[in-house]
Amino acid sequence: MAPAGGMMHNGRAMPLPVPPSKLPAVGTTIFTVMSRLAAEHGAINLSQGFPDFAPPTRLPELVVHHMAAGANQYAPMAGAASLREAIAQKVATLYGAAYDVEGGITVTAGATQAIYTAIAAFVRPGDEVIVFAPVYDSYVPAIELNGGHPVFATLRHPDYRPDWDEVAALITPKTRMIVINTPHNPSGAVWEAADLAALERLTRETGIIVVADEVYEHMVYDGRRHESVMRHPGLRQRSIAVSSFGKTYHITGWKIAYCLAPRELMAEFRKAHQYVVFAVNHPMQLALADFMREQPRFATDLAGFYQAKRDFFRRELEGSRFVALSCRGTYFQLARYDGISDMPDTEFARWLTVEHGVAAIPISVFSPSGEDHRIVRFCFAKHEETLAAAGARLRTVGRT
């Protein structure tokens, strides 16, 4: 018998042939790396984007109810009807957008799966896909795995605004898709109505599909409005909009999201979806549908909840040598550390975790060129006690 991981040839173990990697530049994600490092060193983990508090108590109660009621087999491939109906009602109320419950809404196993499936459904070998850097780390591998070529537009430091003249210059006859993300991870920037209008003009009378990652749609601060593609009819007709129950209801571990699109686009999306996951956790879908009907204000109240946490954490950084950048949305706060150290940000993030007990994410990992402005990202989706403890440690950095 050959040892595990090998074959026998003339009595000798031979390594299994491994074809060339389809993702040669990809290693373990920075989120896994930093969370592991935080655990190893007992650091406060402000790196990976998840809350350290529980979801509303009613949600798990509803899950248990639906499990006991027998909803323990496959859900419909597109998602439980009651949940799709609740989603349709939500987007009609918020954005004035009417989506077909049967043919325009699909429940997915997290937003990452929705984005991957959209890319897999429409991007063919040789197609170009425009993304905006700093770019969330799942987009480019999904493009490359499906034979596409990522093309990078730049969100320029320090305000991370799109340059629409640059985007226009990047569009070619090979452009199949543009992936946008607002509110933006990692920067916390929020696009304005003028940005969506510019995107609408650039894609008008083209075959370009827009994938809109809007998972932080309910985390927009200081009285601003989330500018969804769903608000803009010219974009809505060519867009797949993605949102996340995990982000909205503090249940990132449930891995449930959804997407909306015109019926023709959704039909193609579902062809791929049914062979990627087929269906998503049934009792949790039913619980979410019930919760959305029972507490419709939970999502719309989320901006105030997280703005208070943002403001609390920014006050904790006062008196430190970190300089907080603008944060208009998401639950991430960027901070410059160039007054503390000239270390590259990946090295600084590791040093901060090991030596000062606070884990953060270096921003250069989101840039294809590794552009490094000496900035790290902190997650403030935490109890105030957690943020205060982190702040006390951060105020000592560079003082000794």
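The structure under discussion appears in the preceding block.
Residues numbered from 1 in each chain as written. Predicted model: local features only at pLDDT ≥ 70, side-chain atom pairs only at ≥ 80, totals over all residues. Heavy atoms only, no water.

1. Comments concerning the pairing of strand β6 (residues 149-154)
The criterion, for reference: For two strands to be treated as a pair, DSSP must find no fewer than two bridges joining them. Counting from the N terminus, the helices are the DSSP runs of H or I reaching at least four residues and the strands are the DSSP runs of E reaching at least two. Look down the strands so they point away from you; if going from the first strand over the helix to the second traces a clockwise path, that crossover is right-handed.
Here strand β5 (residues 128-133) runs beside β6; their pairing, made up of 6 bridges, is parallel. Bridging from a neighbouring strand, valine 129 pairs with proline 150 of β6. For the segment spanning β5, helix α5 (residues 139-145) and β6, crossover handedness is right-handed.

2. As for the nonpolar core
Selection rule: Only buried residues count toward a nonpolar core. Its members are Ala, Val, Leu, Ile, Met, Phe, Trp, Tyr and Cys residues joined through side-chain atoms within 4.5 Å. We call a residue buried when its accessible area falls under 20% of the maximum for its residue type, exposed when it is over 50%, and partly exposed in between, using a 1.4 Å probe and counting protein chains only. Residue contacts follow a heavy-atom distance rule, with two residues in contact if any of their heavy atoms lie within 4.5 Å.
Within the largest apolar cluster, 64 residues are counted, with the highest numbers of intra-cluster contacts made by Ile180 and Phe245. The greatest single-element share of this core, amounting to 7 residues, is contributed by helix α11 (residues 282-294). In this structure isoleucine 180 touches Phe132, Trp191, Leu196, Leu199, Val210, Val211, Ala212, Asp213 and Val229, once residues within four positions along its chain are discounted. By size, the runner-up hydrophobic cluster in this structure holds 61 residues, among which are Ala118, Tyr216, Phe322 and Leu352.

3. Overview of the packing of aromatic side chains
For the record, the criterion: Each pair of aromatic rings taken from Phe, Tyr and Trp, with Trp reduced to its six-membered ring, is defined by centres within 6.5 Å and is described as stacked if the planes are under 30 degrees apart, edge-to-face if over 60, and tilted in the remaining cases. By definition, being over a ring means that NZ of Lys or CZ of Arg is both within 6 Å of the ring centre and within 35 degrees of the ring normal.
One pass over the full model with this rule turns up 23 aromatic pairs. Plain terms: the ring middles of phenylalanine 322 and phenylalanine 378 are 5.8 Å apart, the flat faces sit at 80° to each other, and that makes the pair edge-to-face. Placement of the pair is phenylalanine 322 in the loop between α13 (302-317) and β11 (323-324) and phenylalanine 378 in strand β15 (residues 375-379), with a sequence separation of 56 residues. As far as burial versus exposure is concerned, phenylalanine 322 and phenylalanine 378 are alike and both buried. Centre to centre, the rings of tyrosine 337 and phenylalanine 348 are 3.8 Å apart; their planes meet at 5°, and the pair counts as stacked. Separated by 11 residues along the polypeptide, tyrosine 337 in the loop between β12 (332-336) and α14 (345-356) and phenylalanine 348 in helix α14 bring together distant segments of the chain. According to the relative accessible area criterion, tyrosine 337 is buried, its value standing at 0%. On the basis of relative accessible area, phenylalanine 348 is assigned to the buried category, the value being 0%. Pairwise contacts between aromatic rings join Phe53, Tyr216, Phe305, Tyr306, Tyr331 and Phe332 into one cluster. The lysine or arginine in question, arginine 377, covers the ring of phenylalanine 332, its NZ or CZ lying 3.6 Å from the ring centre. Positioned above the aromatic ring of phenylalanine 50, the side-chain terminus of lysine 382 is 4.1 Å from the ring centre.

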